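Descriptive structure summary
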Amino acid sequence: MRLLLTTGLMAIGLLGGFLLWRAPKDTRPPASESPLIVAWVDFDVPAVRQGVARFTQHLKAQRPEGARPVEVELIGVDADDPERFAMKMRQLIATQPALIFASSVGVAKTLLALKTTIPIYFGIQSDPVREGLIPSLVSTGSLTGYTYFVPLDVKIMELIRRVFPDIKAVGVVATDYWLEGASMSQDLFTQAKTLGLELKVFDLHDRDGIGRMLEDPRAPAVQVWYVPYSDIAFQHGEELAAALVKSRRPTVYARRKFLKLGGLISVQSVDEDAMDIWAKSIANILNGVPVGSIPVMRPKEIEIAVNAAALAQFDRATRERLAREATVLE
């Protein structure tokens, strides 16, 4: 592709002097006025389009240097077809956007594999170091970004122990990807054991596993459920929550939205200024700051939300313990 493009440009150069007088007037804006494109690679769905629109306003507020305007374009992709996805990324790279926003680890890894020199900024949920994207959060190499990953699993086990001092068995509902560790706290199982908690892992390989989960012979022994934000919770959250409600056991989630679906507690990192952070970093890159000199940022605030409507089912001592832990009553 590069050879063909180069050959084409050479031919245009040789013929330009002869054909210039016959060519129609070029109505395109000069290169100095054409916009810098920030290509946001993600699913093309309403929620993402709304997010891109919000981010565009944050980026405009940064007023990147130079006369050229900046535009954010959503590049809709289907990551379920790796070959087609890689082809689309090659096509995107050929258009030479000023920067590519990678909305997932998969997007970032594909771009790295294609060895593009275009700056990459990622926004992900897992640990970028353990994912192999960067050497460290400070020395980021050829890309940088923002991660919502804060290792909270052990803290959640400590919270479960404080709120429910007599329980022993915790059912962990996750997937292979989460269990591989890039989204999980290191030493989770070891630390849980020191707290006197036995973790019973329910590894759901697909949607069908949700219906079979409570039929597992280990399920009746579970006293508290913990649902980290793995892909099964992301893709089939409502169905998963409905199944766990039937167990009549307290459930701790990694996202607050599940409290409306019957969850008791949610513990997650929050950052209302995340888009401002993305916009400032991306504006700096557009202004010429080297990508590798910008550290990866992540949230600094932890929210513990408790479902106020669910408190009545517990005794007074448990209600008081829950109230002490909560930063938000939903």
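Since we're looking at a predicted model, the values are computed, not measured.

The relative placement of two packed helices is expressed as an angle between their axes plus a distance between the axes. Interhelical geometry of helix H2 (residues 46-62) versus helix H11 (residues 274-286) gives an angle of 55° and a closest axis separation of 9 Å. In this view, H2 runs oblique relative to H11, as classed from their interaxial angle. Every pair of crossing elements has a handedness; the one defined by H2 and H11 is right-handed. Facing Gly 51, Arg 54, Phe 55, His 58, Leu 59 and Gln 62 of H2, the residues of H11 in contact are Met 275, Asp 276, Trp 278, Ala 279, Lys 280, Ile 282 and Ala 283. The residue makeup of the contact of H2 with H11, split by class, is seven nonpolar, three polar and three charged.

Next up on the list: the sheet that holds strand E11 (residues 301-306). Neighbouring strands of a sheet are bound in pairs by backbone hydrogen bonds; such pairs are parallel or else antiparallel. With mixed pairing, the seven strands of this open sheet are ordered in space as E7-E6-E8-E9-E10-E11-E12. At either margin of the open sheet sits one strand with a lone partner, and together these are strand E7 (198-203) and strand E12 (328-329). For strand E8 (residues 224-227) and strand E9 (residues 251-253), the ladder comprises three bridges, and the chain directions are parallel. Looking at E9, one finds that Trp 225 is bridged to Thr 251. Where helix H5 (residues 153-163) meets the sheet, its contacts fall on strand E6 (169-174), E7, E8, E9, strand E10 (265-270) and E11, and the angle it forms with E8 comes to roughly 160°.

It is worth spelling out a negative patch on the surface at this point. On the surface, Asp 78, Asp 80, Asp 81 and Glu 83 cluster together into a negatively charged patch. By secondary structure assignment, the location of Asp 81 is in the loop between strand E2 (70-76) and helix H3 (82-94). With a relative accessible area of 33%, Asp 81 lands in the partly exposed category.

Before going further, it helps to examine the pattern of salt bridges. Enumeration according to the criterion identifies ten salt bridges in this entry. Look at the salt bridges and you will find they share partners, linking Arg 256, Glu 303 and Glu 330 into a network.

What follows deals with H11. In an α-helix, one turn spans 3.6 residues; hence positions three or four apart end up facing the same way. Taking 1.5 Å as the rise per residue, H11 with 13 residues should run 18 Å; its terminal C-alpha atoms sit 18 Å apart, in good agreement. With ten of its 13 residues buried, H11 lies for the most part within the structure. Within the sequence span of H11, burial applies to Ala 274, Met 275, Ile 277, Trp 278, Ala 279, Ser 281, Ile 282, Ala 283, Ile 285 and Leu 286. Backbone geometry just downstream of H11 places Gly 288 in the positive-phi region, at approximately 105°.

Proteins that are soluble and globular tend to have nonpolar side chains buried together. One finds Met 157, Ile 160, Val 170 and Ile 265 to be the most contacted residues of the largest nonpolar core, which totals 32 residues. Looking at this core, the elements with two or more residues in it are H5, E6, helix H7 (188-194), E8, E10 and E11. By residue number, the principal contributor to this core is H5, which donates six residues. Core analysis: the next-biggest nonpolar cluster, separate from the first, contains 24 residues, Leu 36, Val 38, Phe 101 and Tyr 121 among them.

Of all the residues in helix H12 (residues 316-325), the buried ones are Thr 318, Leu 322 and Glu 325. With its buried residues spanning 65° around the axis, H12 presents them on a single face. Opposite the buried face of H12, at more than 90 degrees from it, the exposed residues are Arg 316 and Arg 324. Elements that come into contact with the buried residues of H12 comprise H5, E10 and E11. The backbone nitrogen of Ala 317 has a side-chain oxygen 3.2 Å away, supplied by the residue at the start of H12, namely Asp 315.

Further remarks concern the packing of aromatic side chains. According to the stated counting rule, one finds 13 aromatic pairs in the structure shown. Where Tyr 146 meets Tyr 148, the ring centres are 5.1 Å apart and the plane angle is 70°; that geometry is what we call edge-to-face. Ring geometry for Tyr 253 against Phe 258: centres 4.5 Å apart, planes inclined by 10°, an arrangement best described as stacked. One aromatic cluster is present, formed by Trp 40, Phe 55, Phe 101, Tyr 121, Tyr 146, Tyr 148 and Trp 278 through successive ring pairs. The ring of Phe 202 is capped by Arg 218, whose NZ or CZ atom sits 4.4 Å from the centre of that ring.

All right, on to the sheet that holds strand E3 (residues 99-102) then. Strand order in the open sheet formed by five strands is E2-E1-E3-E4-E5, with parallel pairing between adjacent strands. Across the chains shown, the open sheet's two edge strands, defined by having one partner strand only, are E2 and strand E5 (143-147). The sheet shows a mean angle of 20° between the axes of neighbouring strands, direction not considered. In terms of strand pairing, strand E4 (residues 120-124) meets E5 through five bridges, oriented parallel. Looking across to E5, one finds that Ile 124 is bridged to Thr 147. Its contacts with the sheet place H2 against strand E1 (36-42) and E2, and it is angled at close to 165° to E2.

For the rest of this paragraph, the subject is the pairing of E11. As paired strands, E10 and E11 are joined by six bridges and run antiparallel to one another. In the sheet register, Ile 265 faces E11, and the bridge partner there is Val 306. Where E11 and E12 come together, two bridges link them in parallel fashion. Residue pairing for E12: Ala 305 is matched across the bridge by Val 328.

Each value, and the rule that gives it
Residues numbered from 1 in each chain as written. Predicted model: local features only at pLDDT ≥ 70, side-chain atom pairs only at ≥ 80, totals over all residues. Heavy atoms only, no water. Axes fitted to C-alpha atoms, helices over the stretch in contact; angles between N-to-C directions. Helix = DSSP H or I, 4+ residues; strand = E, 2+ residues; numbered from the N terminus. Parallel < 35°, antiparallel > 145°, perpendicular 65-115°, else oblique. Left-handed = near helix turned anticlockwise from the far one by under 90°. Contact = heavy atoms within 4.5 Å. Nonpolar A, V, L, I, M, F, W, Y, C, P; charged D, E, K, R; others polar. Pairing = 2+ DSSP bridges. Patch = residues over 30% accessible without salt bridge, like charges linked within 9 Å, V, L, I, M, F, W, Y side chains within 5 Å. Areas by Shrake-Rupley, 256 points an atom, 1.4 Å probe, with all protein chains shown as cover. Salt bridge = Lys/Arg side-chain N within 4 Å of Asp/Glu carboxyl O. Lys, Arg positive; Asp, Glu negative; His and termini not counted. Charge placed at Lys NZ, Arg CZ, Asp CG, Glu CD. Buried < 20%, exposed > 50% of the residue type's maximum accessible area, 1.4 Å probe, protein only. Expected span 1.5 Å × (residues − 1). Core = buried A, V, L, I, M, F, W, Y, C linked by side-chain atoms within 4.5 Å. Arc of directions from axis to C-beta. Polar contact = N/O pair within 3.5 Å; in protein donor to acceptor, adjacent residues only side chain to side chain. Phe/Tyr/Trp six-rings, centres within 6.5 Å; stacked < 30°, edge-to-face > 60°. Lys NZ or Arg CZ within 6 Å of the ring centre and 35° of its normal.

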